[in-house]
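An overview of the molecular structure
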Amino acid sequence: MGAGQRSDKSAEARSEWSDYAVLVVDDEAGMRSFLQRAFSARGCAVEVVESAEAAAMLLADAHFDVIVLDIALPGKAGIAWLRELRAGAFSGDVVLITAFADMETAIDALRAGAADFILKPFRVDQIINSLARCFERGRLTRENYVLRREVAGLAGGTEGLVSQSQALRQVWSLIKRVAPTPTTVLIQGESGVGKELAARALHQMSARAERPFVPVNCAAVSAELIESELFGHVKGAFTGASESRSGLFTYANGGTLFLDEIGELPLALQTKLLRALEEQRVRPVGSTKEIPVDVRVVAATNRDLRIEVAAGRFRQDLFYRLEVLTVTIPPLRQRTDDIVPLAEHFNGQLAARLGLPPLPITPEVAARLVGYAWPGNARELRNFIERALILGHFPVEAPAALGGEVLPLTLAEVERRHMEAVLRQCDGNKTRAAELLGVSRKTLERKCAEWATDAA
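Here's what I pulled together on the structure shown here. Just so you know, these numbers come straight off a predicted model, no measurement behind them. (Residues numbered from 1 in each chain as written. Predicted model: local features only at pLDDT ≥ 70, side-chain atom pairs only at ≥ 80, totals over all residues. Heavy atoms only, no water.)

Some words on the sheet that holds strand β1 (residues 21-25)
What counts is decided by this rule: Two strands qualify as a pair provided that DSSP identifies no fewer than 2 bridges between them. Think of it this way: any DSSP run of H or I at least four residues long counts as a helix, any run of E at least two long counts as a strand, and we number them from the N terminus. Where helices are involved, their axes are fitted lines through C-alpha atoms of the stretch in contact, as for all axes, and angles between N-to-C directions lie from 0 to 180°. Whether two residues are in contact is decided by their heavy atoms: any pair within 4.5 Å suffices.
Spatially, five strands are ordered β2-β1-β3-β4-β5 in an open sheet, and the strand pairing comes out parallel. Taken across any chain shown, the strands that pair with only one partner, and hence form the sheet edges, are β2 (45-49) and β5 (116-119). Between one strand axis and the next, the sheet turns by 20° as a mean value, whatever way the strands run. Two strands pair when backbone bridges link them, and β1 and strand β3 (residues 66-70) are joined in this way by four bridges, in the parallel orientation. Following the sheet pairing, Val-25 is matched in β3 by Leu-69. Contacts between helix α2 (residues 29-40) and the sheet are confined to β1, β2, β3 and β4 (93-98), with β2 contributing the most and set at about 175° to the helix.

Topic: the sheet that holds strand β13 (residues 296-301)
Pairing in this open sheet of five strands is parallel, and the strands run β7-β10-β13-β6-β14 from one edge to the other. Strand pairing shows two members of the sheet lacking a second neighbour, β7 (213-217) and β14 (325-328), which therefore form its edges. Recorded for the sheet is a direction-independent mean angle of 20° between the axes of neighbouring strands. Where helix α7 (residues 166-178) meets the sheet, it contacts β6 (185-188), β13 and β14, and its direction lies at approximately 150° from that of β14.

Regarding a nonpolar patch on the surface
Heads up, the condition is: Within this analysis, patches are made of residues with over 30% relative accessible area and no salt bridge. Like charges are joined at 9 Å or less; nonpolar side chains (Val, Leu, Ile, Met, Phe, Trp, Tyr) at 5 Å or less. We get accessible surface area from the Shrake-Rupley algorithm with a probe of 1.4 Å; when it comes to residues, only the shown protein chains can shield them. By definition here, a salt bridge exists when the distance from a side-chain nitrogen of Lys or Arg to a carboxyl oxygen of Asp or Glu is within 4 Å.
A cluster of nonpolar side chains, namely Leu-354, Leu-356 and Ile-390, defines an oily patch on the protein surface of about 240 Å² accessible area. Structurally, Leu-356 is set in the loop between α14 (339-354) and α15 (363-370).

Thoughts on helix α11 (residues 267-279)
Our working rule: One fewer than the residue count of a helix, multiplied by 1.5 Å, yields its expected span. Note on classification: 1.4 Å probe, protein chains only; a residue is buried when its accessible area is under 20% of the maximum for its type, exposed when over 50%, partly exposed between these limits. This arc corresponds to the set of directions leading from the helix axis out to the C-beta atoms.
The end-to-end C-alpha separation of α11 is 19 Å, in line with the 18 Å expected for 13 residues at 1.5 Å each. The set of residues buried in α11 consists of Leu-269, Gln-270, Leu-273, Leu-274, Ala-276 and Leu-277. Buried residues of α11, seen end-on, are gathered within an arc of 160° and therefore sit on one face of the element. Along α11, exposed side chains directed more than 90 degrees from the buried face belong to Ala-268 and Glu-278. Looking at the buried residues of α11, the elements they touch are α9 (226-231), α10 (248-251), β10 (256-260), β11 (281-282), β13 and α13 (316-322). Positive backbone phi, at 55°, marks Gln-280, one or two positions downstream of α11.

Some remarks on the pattern of salt bridges
Enumeration according to the criterion identifies 26 salt bridges in this entry. With its nearest N and O atoms 2.8 Å apart, the salt bridge here joins Arg-208 to Asp-294. Of this pair, Arg-208 sits in the loop between α8 (195-204) and β7 while Asp-294 is found in the loop between β12 (291-292) and β13, placing the two residues 86 residues apart along the sequence. Arg-306 is paired through a salt bridge with Glu-323; the nearest N and O atoms lie 2.9 Å apart. Taken as a pair, Arg-306 in helix α12 (residues 305-310) and Glu-323 in the loop between α13 and β14 lie far apart in primary sequence, 17 residues in all.

Structural notes on the packing of aromatic side chains
Cut-off, in case you're wondering: Stacked, tilted and edge-to-face pairs are distinguished by plane angle, under 30 degrees for stacked and over 60 for edge-to-face with tilted covering the rest, among Phe, Tyr and Trp rings (Trp via its six-membered ring) whose centres lie within 6.5 Å.
Per the stated rule, a full pass over the model turns up ten aromatic pairs. Summarising the aromatic geometry, the rings of Phe-319 and Tyr-320 are spaced 5.6 Å apart at their centres and angled 45° between planes, so their arrangement reads as tilted. Overall, the relative accessible area of 3% leaves Phe-319 in the buried class. Three or more aromatic residues joined by ring pairs make a cluster, and in this case those are Trp-17, Tyr-20, Phe-39 and Phe-135.

Some thoughts on the nonpolar core
Applied cut-off: Residue types Ala, Val, Leu, Ile, Met, Phe, Trp, Tyr and Cys, when buried and joined through side-chain atoms within 4.5 Å, form a set referred to as a nonpolar core.
Residues Leu-230, Phe-249, Leu-257, Leu-259, Ile-262 and Leu-273 are the most contacted members of the largest nonpolar core, which totals 33 residues. Per-element tally for this core: the top contributor is α11, with five residues. Excluding its chain neighbours within four sequence positions, the residues that come into contact with Leu-273 are Phe-231, Phe-249, Leu-259, Ile-262, Leu-265 and Leu-318. Ranked by size, the runner-up nonpolar core spans 24 residues in total, among them Ala-343, Val-370, Trp-374 and Ile-385.

Focus on the side chain of Asp-70
Locating Asp-70 in the fold gives a position in strand β3. Among the residues examined, Asp-70 registers a relative accessible area of 3% and is labelled buried.

Some remarks on the side chain of Arg-281
Our working rule: Polar contact criterion, stated in full: a pair of N or O atoms within 3.5 Å, where within protein one must be able to donate a hydrogen and the other to accept it, and residues adjacent in sequence count only if both atoms are side-chain atoms.
In this fold, Arg-281 is placed in strand β11. A distance of 3.2 Å separates a polar atom in the side chain of Arg-281 from a polar atom in the side chain of Glu-290. When near neighbours in sequence (up to four residues on either side) are disregarded, Arg-281 contacts Ala-60, Asp-61, Ala-276, Glu-290, Ile-291, Pro-292 and Val-293.

What to know about α8
Three or more residues of α8 are buried, namely Lys-195, Ala-198, Ala-199, Ala-201, Leu-202 and His-203. Those residues of α8 that are buried are in contact with α7, β6, β7, β10 and β13.

Shown next as structure tokens:
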């Protein structure tokens, strides 16, 4: 093996655990040094202390994914401290090590909540494999939790990013510019305009894209439970808290936490959220200790937070902290160029999902779609398309019968927007577009020439 290959393997080993932190608690200096070298060689951050008391002080100021804990310690014993950890806010794994053990000790260790139990002397691969299992279990637990939340929220989501209007293109241009920065972003817009899509785009275009994106609808969680949902809680913190649980800030560590409908947060919790944003630390309900976190917060609201601040329903200092940069997504009625392309997108997407043939969006259907105000925005349009697919046709009276303002567009304007949408769908191929529209290529070219003259 050449020097270059050895260097590559060494670098790979050093980066293997670069996202993790380990705390070693052992009263033997030789063991502390041995474990520190073994773990550091794989890239993780390592702290070593000689007692449970010293470890508790360190844990109050830093986050650790795994604790390697000796049972026989001066002062507080390892198993006794493990029980305290499990009763408190620590949610990571604990690997117990000892030179003196019997069956009773092993059973006590497992009952206290140890992830593994290793007898000294041990080989380096034994402890490395034990930590690897802990890291993998922690990763899967976080991913499982995040995925369950995402699956639960899919039914209410607005999928797809379709932007033909100049107004929305400016919004996405701003999102692309701010995404790589760590800046807190406030997204404003009516319900159904796609605020979560914008938040996901911010996450995917950032350096945090490989870490979790954790959405939470603040309006969907009761005022009594929202603090625990965000920050976690310790066992016995309130009625029903039978075990400790991490909060969404912890699950989003290294990634992005999306706080939808943030205007619904109770005032008391707004104070705690401001502290978490300022200090990047959270305190689980019922705990006296704070947990450091590295989270980018993206918030969204369909309210005017300035009005909420003036009315005393939203803290001014939190508003200013969130309003580092504001992204405002205009409603669908203000970007009618997006209506037909968005309808075509939902038509194809939902038809595939439902196992049904897509419905033709004729000029008459397009006229009704564009002429309706869509007070529920893209979400309402998506639901309308889904209902039409299930029925097998676009209802003759819809969407005007759904209620709401009908926009005063001329038939010529509706015709133009529909033809332009079909041209975009065909990537500018006028022959194919004319076939889909049921007109001659010459007619389509004449229309395009007229529109170009009007624009000039």
